[in-house]
Number of protein chains: 2
Amino acid sequence: MLRSHHCGALNENHSDEEVTLAGWVQKVRNKGFIVWVDIRDRYGITQLVFDQERTPEMVYKKSLVLGREDVIQIKGKVIERESKNPSMTTGGIEILVEELTVMNAAKTPPFTIENQTDGGDELRMQYRYLDLRRTPVRENLIFRHKVTMAVRNFLSQADFIDVETPYLIKSTPEGARDFVVPSRMNSGQFYALPQSPQTFKQLLMIAGFDKYFQIVKCFRDEDLRADRQPEFTQIDCEMTFIEQEDVLLQFEAMIQHLIKEIKGVTLEDFPRMTFTEAIEKYGNDKPDIRFGMTFGELNALAQNKGFNVFDSQELVVGIAVPGGANMTRKEIDAWIEWVKRPQMGAKGLVWVKCNEDGSYKSTVDKFFSEDDLSQWADATGAKAGDLIFVMAGAAQATRTQLSALRMEIAEQLGLRKSDRFAPLWVTDFPLLKWDDETQRHHAMHHPFTSPKKEDLELLDTDPGKVMANAYDLVLNGNEIGGGSIRIHDTALQEKIFRLLGFTEKEAQEQFGFLMDAFQYGAPPHGGIALGLDRLVAILSGSETIRDFIAFPKNNNGRDVMIDAPAMLEDAQLEELCLKSLPKDPL
Amino acid sequence: MLRSHHCGALNENHSDEEVTLAGWVQKVRNKGFIVWVDIRDRYGITQLVFDQERTPEMVYKKSLVLGREDVIQIKGKVIERESKNPSMTTGGIEILVEELTVMNAAKTPPFTIENQTDGGDELRMQYRYLDLRRTPVRENLIFRHKVTMAVRNFLSQADFIDVETPYLIKSTPEGARDFVVPSRMNSGQFYALPQSPQTFKQLLMIAGFDKYFQIVKCFRDEDLRADRQPEFTQIDCEMTFIEQEDVLLQFEAMIQHLIKEIKGVTLEDFPRMTFTEAIEKYGNDKPDIRFGMTFGELNALAQNKGFNVFDSQELVVGIAVPGGANMTRKEIDAWIEWVKRPQMGAKGLVWVKCNEDGSYKSTVDKFFSEDDLSQWADATGAKAGDLIFVMAGAAQATRTQLSALRMEIAEQLGLRKSDRFAPLWVTDFPLLKWDDETQRHHAMHHPFTSPKKEDLELLDTDPGKVMANAYDLVLNGNEIGGGSIRIHDTALQEKIFRLLGFTEKEAQEQFGFLMDAFQYGAPPHGGIALGLDRLVAILSGSETIRDFIAFPKNNNGRDVMIDAPAMLEDAQLEELCLKSLPKDPL
């Protein structure tokens with residue numbers, strides 16, 4: 001052992017003890033005749049004192065050249081401080097140093113290693129190992145560790161078995177793009193990295209494992225949006241002989257347990273909402289219900305009153321901004337500009353001020369009476385002192401735009417409180433969604449999701465209307481998990497593959513093993529997968545998943561620290577019987 | 001819930017209760033007027049009874065067509081059995097069935113789903129989900145789950161933090177061959193899958209994480225030997241401000257805890273042995289010390305006595321076979337043939353019987369006196385009634401051969417008891433090994449292993465003599481883990497890379513980030529990685545790791561169930577800017 005205690009361990013109870021500490025130099029204060037050095041490790045900071053009178057001369061001299069981030073080992077005696085710092089666990093003592101060893105001197109780091117750093121994003125990514133030294137970053141990962149341990153122990157105690165599924169599997173073109181791995185032993189052939197262990201967990205249910213979980217890396221080769229990672233971590237779970245209700249209750253209990261254990265907060269039963277209701281009330285299938293501002297549909301109230309902008313549109317819909325009647329014209333105009341930005345694409349906003357005196361003031365006073373506007377207020381839940389924003393247009397696009405506006409206003413009004421947890425189950429998703437580009441149905445969740453029994457006949461007549469036994473878990477406006485009851489019957493699975501445009505041959509080649517397995521006694525089963533990166537971020541009051549990943553990649557999928565991906569040696573490609581082509585071959 | 005209880009839950013205390021069970025049909029016994037059906041799930045088996053008198057007729061009729069592995073749900077009443085089976089937890093009761101639903105009928109499985117099956121290896125791999133239904137296979141994976149949970153909780157309680165390291169990293173040609181992953185976004189460039197998180201865990205130590213662990217998949221594209229897998233799982237650990245002794249004690253404690261918790265066995269302090277001693281006494285750096293049969297070197301006793309076969313050889317070495325004096329000539333000849341097989345390549349065996357009456361009988365009586373042979377017996381530890389086998393030849397090859405003979409004899413004599421646990425630390429490995437083919441040194445462990453301080457000067461003068469701060473954990477003759485104290489100093493790391501034949505440019509390109517990191521305050525650190533697959537197998541009394549992996553690959557690296565790897569669609573290759581070449585281009 002190169003230390004007798006860590007740097008967060010000592011207090012007045014250790015007075016006069018001889019101790020050995022090791023750690024990093026956090027700070028040096030040289031008063032001319034006395035040098036104080038803060039020594040840091042994962043557990044805390046301890047103050048060292050080097051003193052012209054009491055410290056051996058050679059040691060004192062060595063202390064004068066210590067710099068930030070040097071790794072040192074010291075021996076010395078614990079003494080009580082003259083002026084104590086009660087905000088630190090070690091604040092009552094300091095170490096009078098007798099021996100000092102510089103284990104490894106440090107160059108000056110490229111940014112300060114403090115809670116607030118001066119380093120930019122790229123620089124901190126390049127020196128990620130230094131960024132990880134900062135307390136908030138390290139604490140994020142320790143928090144993640146605690147969450148994963150709590151999840152594992154909860155599920156294990158609930159009889160779920162942790163089973164590792166393979167990483168080298170087969171590419172299936174349905175869904176997102178796979179990362180692939182050339183096989184040297186089977187030249188010309190490739191493995192794929194799993195986008196999720198979906199089919200394997202289903203096979204485990206067919207194998208009788210009853211309850212399965214795994215905290216597992218998954219891979220998707222997608223064009224990265226901000227805060228998406230090519231590799232991400234899932235809490236993957238599956239259960240047998242259950243119905244949707246059982247899955248919801250089981251994982252509601254897990255999240256309640258987690259939030260109780262990690263945050264000390266007790267959550268009530270989770271509210272539930274159908275997909276349709278979520279879209280109508282929030283314009284969004286992952287609504288943040290920490291605050292109101294639900295949508296009020298105004299078609300019946302606002303159309304056919306002579307205001308052309310509304311009359312010609314599919315949907316007129318508004319929200320109430322709490323206290324918004326106080327907004328200046330300039331503030332309102334800024335919101336109008338905000339929705340008109342190209343990435344939003346709205347045409348504009350109609351607004352109505354609900355004055356404290358009960359009167360209304362709007363941009364459309366010419367077309368609507370006070371009585372009309374009062375009905376709008378009822379429909380949007382606006383009270384005296386609020387402002388109503390109204391949008392009109394094609395239903396889907398308008399809801400999406402109004403949802404974005406709702407979230408942004410709430411953000412600015414401080415309504416999205418990071419210490420409040422508002423979980424929500426969203427249920428009754430459509431099984432399929434129509435894709436204009438490919439002119440066929442795509443699976444809303446994935447091809448293994450079971451239709452609702454009562455909709456089975458619609459599969460032949462009007463497949464777009466079929467509802468799925470699928471559910472999403474939403475937390476604070478983020479989808480943190482999704483799942484479904486699965487198909488466990490060959491004929492139904494074949495029918496779904498056909499609807500999704502698979503030929504019989506394609507279905508057989510890609511998923512023949514699963515459809516075979518269904519024929520040897522497949523039980524009803526279903527499950528859920530939760531995004532660990534996001535769950536941890538939200539539990540921690542953040543929404544930036546990158547802050548909760550030890551070595552994240554940037555938006556180009558690069559690890560700028562190790563500089564990956566990189567060129568291979570020619571011999572490696574030759575062994576794989578592969579040739580790289582120029583990006584745009586003629 | 002599709003069941004009120006699982007199939008291992010019910011006993012006499014539930015008499016007269018109405019219950020719902022769901023599971024697989026294990027067995028049907030039709031006595032003409034009464035049908036007994038065993039229903040199975042992960043938790044147990046419950047006996048159902050369908051009775052011409054007491055069961056509704058329609059239900060009784062349905063029971064007549066039930067077949068093995070059908071998935072059924074039943075409702076019925078718990079009744080006490082007339083003849084109880086005390087060896088089953090549910091053996092006191094049966095269920096008088098009132099309702100029967102066939103949830104999914106099963107085709108006849110391709111092999112019997114019993115503890116002893118009639119299915120061959122290939123067939124069971126193809127229908128792995130059916131093989132997993134067999135109790136011993138399922139129990140193996142549940143055992144694995146328990147081991148991993150115990151490991152995680154032990155390490156977490158010892159302040160180790162579980163940190164996920166990336167799977168998409170950079171290829172480094174040193175060591176085994178990497179699996180690579182083409183990058184679509186950075187065309188012509190590749191990620192590699194990690195052979196281990198070695199450099200990342202070192203960076204975590206430099207980042208101040210102090211203690212790290214991860215149960216993590218690792219990948220090696222090697223030509224597969226029997227019982228090697230291209231993807232395998234490691235318990236990966238690293239610690240800061242420690243010396244070798246600290247690592248040994250920490251992981252000794254972990255294994256002791258595991259074996260106590262999982263097997264109920266208390267282990268003493270682990271014995272330790274240097275690499276040199278292991279080679280000399282067992283011909284092997286992972287000796288099985290559950291039994292004796294240690295090597296006796298006979299050069300001084302057996303050379304220069306006129307027996308040419310010995311005189312010309314580098315090493316003459318023997319082992320005592322307990323009770324072997326009873327072997328027939330035919331049995332001894334079989335052993336001689338065994339060592340002469342091409343894969344062993346020995347020239348033969350000299351044998352000496354130590355008769356119960358104190359006399360000796362050997363193949364070399366002409367050259368050696370009774371007194372000579374008595375000295376051989378002393379050197380090999382042979383007692384009256386034992387047999388001595390002696391081999392001679394080049395030292396390294398002869399030790400390897402004699403080691404294989406020792407293990408095979410012990411296996412046949414039943415000395416390798418699977419319920420005994422004999423751990424051993426092997427220490428003091430050489431840092432480097434010379435490779436004749438490439439005419440350079442290779443790292444015995446890996447390039448990050450630190451040389452022993454006292455040998456640092458030898459690096460310049462006689463690098464082959466340098467000892468490493470490296471250690472292996474051996475259990476029952478299997479290496480289950482290995483680790484080292486790492487280099488944490490740029491200059492020394494550069495020197496080692498040079499010794500291993502890296503140019504400065506290569507070292508910089510591949511490991512520049514690590515050598516950079518060493519300059520910003522790298523603490524002394526070290527760790528260990530344990531092979532989880534093998535550890536679990538050995539704890540379970542087996543040595544076949546494939547039995548402890550849910551979905552293993554065969555010896556050609558194929559998953560025969562899902563048929564991976566497989567050809568990609570042309571469009572996928574095009575997107576990756578890759579072209580497959582024929583295996584042997586002209």
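Small disclaimer: the values here were computed from a predicted structure and weren't measured.

## Things to note about the overall build of chain A
Thought 1: Within chain A, the regular secondary structure consists of 17 helices and 23 strands.
Thought 2: The buried share of chain A, taken over its 586 residues, is 59%.
Thought 3: When contacts within chain A are restricted to residue pairs at least 6 apart in sequence, long-range pairs at least 24 apart make up 66% of them.
Thought 4: Of the roughly 24,200 Å² of accessible surface on chain A, a fraction of 47% belongs to carbon and sulfur atoms.
Thought 5: Counting 68 positive and 90 negative side-chain charges, chain A places the centres of these two groups 4 Å from one another.

## What about the interface of chain B and chain A?
Thought 1: Contacts between chain B and chain A engage 127 residues on the former and 127 residues on the latter.
Thought 2: Of the roughly 11,500 Å² buried between chain B and chain A, counting both surfaces, carbon and sulfur atoms make up 59%.
Thought 3: Ranking the residues of chain B by area buried against chain A places E164(B), F241(B) and Y520(B) at the top, with a combined share of 8%.
Thought 4: For the pair chain B and chain A, the interface holds 14 salt bridges.
Thought 5: The salt bridge partner of E575(B) is R177(A), with a shortest N-O separation of 2.8 Å.
Thought 6: For the pair chain B and chain A, the interface holds 69 residue pairs in polar contact (both at pLDDT 80 or more).
Thought 7: Ranked by the residues each element gives to the side of chain B that touches chain A, the list is headed by helix α4 (residues 135–157) of chain B, at ten residues.
Thought 8: In this structure, strand β23 (residues 578–580) of chain A lies alongside strand β23 (residues 578–580) of chain B, joined through three bridges in antiparallel fashion. If you follow L578(A) over to β23(B), its bridge partner there is S580(B).

## As for the environment of G323(A)
Residue and element names in this part refer to chain A.
Thought 1: Residue position: G323 is located in the loop between β13 (315–321) and α10 (329–340).
Thought 2: On the basis of relative accessibility, which here comes to 38%, the residue G323 falls in the partly exposed class.
Thought 3: C-alpha of G323 to C-alpha of C354: the two residues are 31 residues apart in sequence and 9.2 Å apart in space.
Thought 4: Dropping the residues within four chain positions of it, G323 is found in contact with G385 and D386.

## Some details on the relation of the copies chain B and chain A
Thought 1: Expressed as a screw operation, the relation of chain B to chain A combines 0.0 Å of axial shift with a rotation of 180°, fitting to an RMSD of 0.0 Å. Such a turn and shift between the copies fits a two-fold axis.
Thought 2: Both copies share a contact surface, since 100% of the interface residues of chain B are interface residues in chain A too.

## Points about the domain arrangement of chain A
Thought 1: Each assigned domain of chain A is listed here: domain 1 (12–104), domain 2 (138–269 + 423–559) and domain 3 (291–412).
Thought 2: The C-alpha-based centres of domain 2 of chain A and domain 3 of chain A are spaced at 38 Å.

## Quick notes on the sheet that holds strand β2 (residues 34–41) of chain A
All names here are of chain A.
Thought 1: With mixed pairing, the five strands of this closed barrel are ordered in space as β1-β2-β3-β5-β4. Going from strand to strand, the sheet's axes swing by 55° on average, the running direction of each strand aside.
Thought 2: Sheet analysis places strand β1 (residues 18–30) next to strand β4 (residues 71–80), joined by seven bridges and oriented antiparallel. When the sheet's bridge partners are listed, E18 is paired in β4 with K77.

## Side note on the packing of aromatic side chains
Thought 1: Considering all chains together, one arrives at 45 aromatic pairs over all chains under this definition.
Thought 2: Ring geometry for Y167(A) against Y167(B): centres 5.0 Å apart, planes inclined by 15°, an arrangement best described as stacked. Of this pair, Y167(A) sits in the loop between β6 (161–162) and β7 (180–182) while Y167(B) sits in the loop between β6 (161–162) and β7 (180–182), on two different chains.
Thought 3: A relative accessible area of 5% means that Y167(B) is categorised as buried.
Thought 4: Grouping aromatic residues by their ring pairs yields a cluster made of F307(A), F310(A), F367(A), F368(A) and W376(A).
Thought 5: Sitting above the plane of the W338(A) ring, R341(A) keeps its charged end 4.4 Å from the centroid.

## What to know about the sheet that holds strand β21 (residues 478–485) of chain B
Residues and elements named next belong to chain B.
Thought 1: The strand order across the open sheet formed by eight strands is β6-β9-β10-β22-β21-β20-β17-β11, and the pairing between neighbours is mixed. Two strands lie at the open edges of the sheet, namely β6 and β11 (272–274), each paired on one side alone.
Thought 2: Here strand β20 (residues 470–475) pairs with β21 via six bridges, running antiparallel. Considered in β21, the bridge of V474 is made with E479.
Thought 3: The strands touched by helix α6 (residues 244–263) are β10 (231–240), β11, β17 (423–427), β20, β21 and β22 (525–531); relative to β22, the strand with the most contacts, the crossing angle is about 30°.
Thought 4: Most of the contacts of helix α16 (residues 532–539) go to β10, to which it runs at about 100°, and overall it touches β9 (211–219), β10, β20, β21 and β22.

## Observations regarding the packing of α10(A) against helix α12 (residues 395–413) of chain A
Residues and elements named next belong to chain A.
Thought 1: Their axes nearest at 11 Å, the elements α10 and α12 cross at an angle of 135°. Of the possible angle classes, the one that applies to α10 and α12 is oblique. Handedness of the crossing formed by α10 with α12: right-handed. Each of W335, W338 and V339 in α10 lies in contact with α12, whose residues at this interface are A404, L405, E408, I409 and Q412.
Thought 2: Its residues assigned to classes, the contact of α10 with α12 shows six nonpolar, one polar and one charged.

## Describing the environment of Q401(B)
Residues and elements named next belong to chain B.
Thought 1: Looking at the element boundaries, Q401 is found in helix α12 (residues 395–413).
Thought 2: The sequence separation of Q401 and A300 amounts to 101 residues, and the corresponding C-alpha distance is 21 Å.
Thought 3: Excluding residues within four positions of it along the chain, Q401 makes contact with M344, G345, A346 and M391.

## Things to note about helix α7 (residues 275–282) of chain B
Residues and elements named next belong to chain B.
Thought 1: Listed in full, the buried residues belonging to α7 are F275, A278 and Y282. Each buried residue of α7 sits inside an arc of 70° when the element is viewed along its axis, so together they form one side.
Thought 2: Elements that come into contact with the buried residues of α7 comprise β11, α12 and β17.

## Details of a negative patch on the surface
Thought 1: A grouping of D16(B), E17(B), E18(B), E98(B) and E99(B) is seen on the molecular surface, where their side chains present a negatively charged patch.
Thought 2: Relative to the helices and strands, E18(B) is located in strand β1 (residues 18–30).

## A short note on α16(B)
Thought 1: The element α16(B) is extensively covered by neighbouring structure, given that seven of its eight residues are classed as buried.
Thought 2: G541(B) sits one or two positions beyond α16(B) and adopts a positive phi of about 85°.

## With respect to unusual backbone geometry
Thought 1: Following A564(A), the chain continues to P565(A) via a peptide bond in cis, the omega torsion being 0°.
Thought 2: Tracing the backbone through its elements, the reader meets P565(A) in the loop between α16 (532–539) and α17 (570–575).
Thought 3: Positive phi, normally seen in glycine, also occurs at E69(B), with a value near 75°.
Thought 4: Residue position: E69(B) is located in the loop between α1 (57–63) and β4 (71–80).

## Some words on the pattern of salt bridges
Residues and elements named next belong to chain A.
Thought 1: Per the stated rule, a full pass over the model turns up 76 salt bridges over all chains.
Thought 2: For D333, the salt bridge goes to R329, with nearest N and O atoms at 3.6 Å. With D333 and R329 both in helix α10, this residue pair falls four residues apart, about one helical turn.
Thought 3: Classification of D333 as partly exposed rests on a relative accessible area of 32%.
Thought 4: The structure contains a network of salt bridges with shared partners spanning D121, R124, R128, D131 and R134.

## Observations regarding the environment of Y191(A)
Thought 1: Relative to the assigned elements, Y191(A) resides in strand β8 (residues 190–192).
Thought 2: We classify Y191(A) as buried; its relative accessible area is 2%.
Thought 3: Spatially, the C-alpha atom of Y191(A) lies 4.9 Å from that of V181(A), the residues being ten residues apart in sequence.
Thought 4: Not counting residues within four places of it along the chain, the set of residues in contact with Y191(A) comprises L168(A), I169(A), F179(A), V180(A), V181(A), S183(A), F179(B), K553(B), G557(B), A564(B) and P565(B).
Thought 5: A polar contact of 2.6 Å, which involves the side chain of Y191(A), links it to the backbone oxygen of G557(B).

Conventions and cut-offs
Residues numbered from 1 in each chain as written. Chains lettered and ligands numbered in written order. Predicted model: local features only at pLDDT ≥ 70, side-chain atom pairs only at ≥ 80, totals over all residues. Heavy atoms only, no water. Helix = DSSP H or I, 4+ residues; strand = E, 2+ residues; numbered from the N terminus. Buried < 20%, exposed > 50% of the residue type's maximum accessible area, 1.4 Å probe, protein only. Contact = heavy atoms within 4.5 Å. Areas by Shrake-Rupley, 256 points an atom, 1.4 Å probe, with all protein chains shown as cover. Lys, Arg positive; Asp, Glu negative; His and termini not counted. Charge placed at Lys NZ, Arg CZ, Asp CG, Glu CD. Buried area = accessible area lost by both parts, 1.4 Å probe. Salt bridge = Lys/Arg side-chain N within 4 Å of Asp/Glu carboxyl O. Polar contact = N/O pair within 3.5 Å; in protein donor to acceptor, adjacent residues only side chain to side chain. Pairing = 2+ DSSP bridges. Least-squares fit on C-alpha atoms with pLDDT ≥ 70 in both. Domains from an automatic or database assignment. Axes fitted to C-alpha atoms, helices over the stretch in contact; angles between N-to-C directions. Phe/Tyr/Trp six-rings, centres within 6.5 Å; stacked < 30°, edge-to-face > 60°. Lys NZ or Arg CZ within 6 Å of the ring centre and 35° of its normal. Parallel < 35°, antiparallel > 145°, perpendicular 65-115°, else oblique. Left-handed = near helix turned anticlockwise from the far one by under 90°. Nonpolar A, V, L, I, M, F, W, Y, C, P; charged D, E, K, R; others polar. Arc of directions from axis to C-beta. Patch = residues over 30% accessible without salt bridge, like charges linked within 9 Å, V, L, I, M, F, W, Y side chains within 5 Å.

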